[in-house]
Amino acid sequence: TIHSHVACGHVGNAATVYPLQRMGHEVWPVHTVLLSHHPGHGGWHGAPVAAGDVAAVLGGLQAHGVLKRCAAVLSGYLGTVAVGKVVLEGWHAVLAANPEAIIACDPILGDELEGLYVPDALIAFYRDHAIPAADVIFPNRFELALLSGYDVRDVTGAVAAARAIMARGPSTVIATSVPVGRDLATVLVTTDGSWAAVTPRLTTPVKGAGDVLAALWLGYVLGDANTAAGALGKAVSDVYELLERAANETLQELPLPTYTPVNRAPRFPAAPLKL
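About the cut-offs
Residues numbered from 1 in each chain as written. Predicted model: local features only at pLDDT ≥ 70, side-chain atom pairs only at ≥ 80, totals over all residues. Heavy atoms only, no water. Helix = DSSP H or I, 4+ residues; strand = E, 2+ residues; numbered from the N terminus. Rg over C-alpha atoms; globule rule 2.2 N^0.38 Å. Buried < 20%, exposed > 50% of the residue type's maximum accessible area, 1.4 Å probe, protein only. Contact = heavy atoms within 4.5 Å. Areas by Shrake-Rupley, 256 points an atom, 1.4 Å probe, with all protein chains shown as cover. Lys, Arg positive; Asp, Glu negative; His and termini not counted. Charge placed at Lys NZ, Arg CZ, Asp CG, Glu CD. 1 Å grid on protein atoms, 1.4 Å probe; cavity = no way out; pocket = protein on both sides within 12 Å on 5 of 7 lines; lining within 4 Å. Points joined across faces, edges and corners; volume = space filled by probe spheres on them. Nonpolar A, V, L, I, M, F, W, Y, C, P; charged D, E, K, R; others polar. Core = buried A, V, L, I, M, F, W, Y, C linked by side-chain atoms within 4.5 Å. Disulfide = S-S within 2.5 Å. Axes fitted to C-alpha atoms, helices over the stretch in contact; angles between N-to-C directions. Parallel < 35°, antiparallel > 145°, perpendicular 65-115°, else oblique. Salt bridge = Lys/Arg side-chain N within 4 Å of Asp/Glu carboxyl O.

(A) Structural context of the overall build of the protein chain. For the protein chain, the helix and strand inventory stands at eight helices and twelve strands. Against the globule reference of 19 Å for 275 residues, the protein chain gives a C-alpha radius of gyration of 17 Å, in line with a compact fold. Each of the three principal axes of the protein chain carries a C-alpha extent, and together these read 50 × 40 × 40 Å. Relative to its full complement of 275 residues, the protein chain shows a buried share of 51%. A separation threshold of at least 6 residues defines the contact pool for the protein chain, and within that pool the share at least 24 residues apart is 65%. Of the roughly 12,000 Å² of accessible surface on the protein chain, a fraction of 55% belongs to carbon and sulfur atoms. Positive and negative side-chain charges of the protein chain, numbering 17 and 23 respectively, have mean locations separated by a distance of 5 Å.

Okay, here's the thing in structure tokens:
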């Protein structure tokens, strides 16, 4: 997992590593930023990791001879195009060692409330370089609209935008925070069809739900040969239960240390869409 990292809280690698480990996967975190806590809480301290240092860590993994055991790469917050280029080289190194590895990309650019919170140059980098090289991407509604050029207001718009992006490379798009009346949908689009897992809206200030969702979906797919739609229902249900507890207990962070993988039918299964 190539992502940001915080010492306090659960976003970036501090949100992806533990759930994957809890699911039984070995995880190698590579940090792109080192911060005290999420900047959304204010008063943060820390700094980005230089592109050369990210390259050194990825190169060290390659030199260590372990990339052939790498089943997937999950890339999240990059921060700069320079780091993005290094990450692309890392993807290519993994695929050279294991051509069956899944390349999963969370194109972190911004969200509905804060708008764009990375340099403008990263939009073109994701659109023209990273996304065409990925197998699966995890944009939120804001990012899906930005990367596709479509007006994404509902599930139908999300599916159309996802298919436009898929024409440039990825075989799978998982879009979060798509409105369905008063509820929200997580929409899955693959070459085989489209599905949505719909949940009630929750009001909570916690960050990192999208990071956890990407990790859990990937973990379920890798762990038990689940279908993409089956994995989505499980991942969405897991994340919703974490958010629900955070809302009920007025927490400031996801209660991730209590996470346990779903061992029952998902609370919010993914249903096929007929558009």
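(B) Local environment of empty space enclosed by the protein. Per the stated rule, a full pass over the model turns up one cavity of 30 Å³ or more. Lining the largest cavity, in full, are Ser-75, Gly-76, Leu-78, Gly-84, Val-87, Leu-88, Trp-91, Cys-105, Phe-125, Tyr-126 and Ala-130. Of all the secondary structure elements, the ones that give two or more residues to the lining of the largest cavity are helix 3 (81–97) and helix 4 (121–133). Looking at the lining of the largest cavity, the element that brings in the most residues is helix 3, giving four residues. Looking at the lining of the largest cavity, its residues break down into eight nonpolar, three polar and no charged.

(C) Looking closely at the layout of surface pockets. Estimated volume of the second largest pocket: approximately 520 Å³. Lining the second largest pocket are 27 residues, with Thr-1, Trp-28, Cys-70, Ala-72 and Val-73 positioned closest to its centre. Those elements that provide at least two residues to the lining of the second largest pocket are helix 2 (51–63), strand 4 (72–75), helix 3 and helix 7 (209–224). Taken together, the residues of the lining of the second largest pocket sort by class into 19 nonpolar, five polar and three charged.

(D) Local environment of the nonpolar core. With 49 residues, the main nonpolar core has Trp-91, Tyr-126, Leu-144 and Val-187 as its most contacted residues. Those elements that place two or more of their residues in this core are helix 2, helix 3, strand 5 (102–105), helix 4, helix 5 (141–148), helix 6 (155–166), strand 9 (172–180) and strand 10 (183–190). What Tyr-126 contacts, discounting residues up to four positions off in sequence, is Gly-76, Leu-78, Cys-105, Asp-106, Pro-107, Ile-108, Leu-109, Ile-131, Pro-132 and Leu-147.

(E) Structural context of the state of the cysteines. Per the stated rule, a full pass over the model turns up zero disulfides. Here Cys-70 stays unpaired: no disulfide links it, and the sulfur of Cys-105, its closest cysteine neighbor, is 15 Å away. On the accessibility criterion, Cys-70 (9% relative accessible area) is buried. Given the relative accessible area of 2%, Cys-105 is considered buried.

(F) Quick look at the packing of helix 3 against helix 4. The contact between helix 3 and helix 4 brings their axes to 10 Å, and the two run at 5 degrees. The angle between helix 3 and helix 4 places the two elements in the roughly parallel class. In this structure, helix 3 contributes Val-81, Gly-84, Lys-85, Leu-88 and Trp-91 to the contact, and helix 4 contributes Ala-121, Leu-122, Phe-125, His-129, Ala-130 and Ala-133. Here the residues of the contact of helix 3 with helix 4 sort into eight nonpolar, two polar and one charged.

(G) Expanded view of the pattern of salt bridges. All chains considered together, the criterion is met by eight salt bridges. Salt-bridge contacts for Arg-69 lead to Glu-26; the nearest nitrogen and oxygen are separated by 3.3 Å. One end of the pair, Arg-69, is in the loop between helix 2 and strand 4; the other, Glu-26, is in the loop between helix 1 (13–22) and strand 2 (30–35), with 43 residues separating them in the sequence. In this structure Glu-26 comes out as exposed when scored by relative accessible area, which is 58%. With a closest N to O distance of 3.5 Å, Glu-114 and Lys-207 form a salt bridge. Within this pair, whereas Glu-114 is found in the loop between strand 6 (110–111) and strand 7 (115–116), its partner Lys-207 is found in the loop between strand 11 (193–200) and helix 7, the two being separated by 93 residues in sequence. Accessibility expressed as a relative area gives 42% for Glu-114, which makes it partly exposed. Its relative accessible area of 24% is what places Lys-207 among the partly exposed residues.

Honestly, it's all geometry; don't read function into it.
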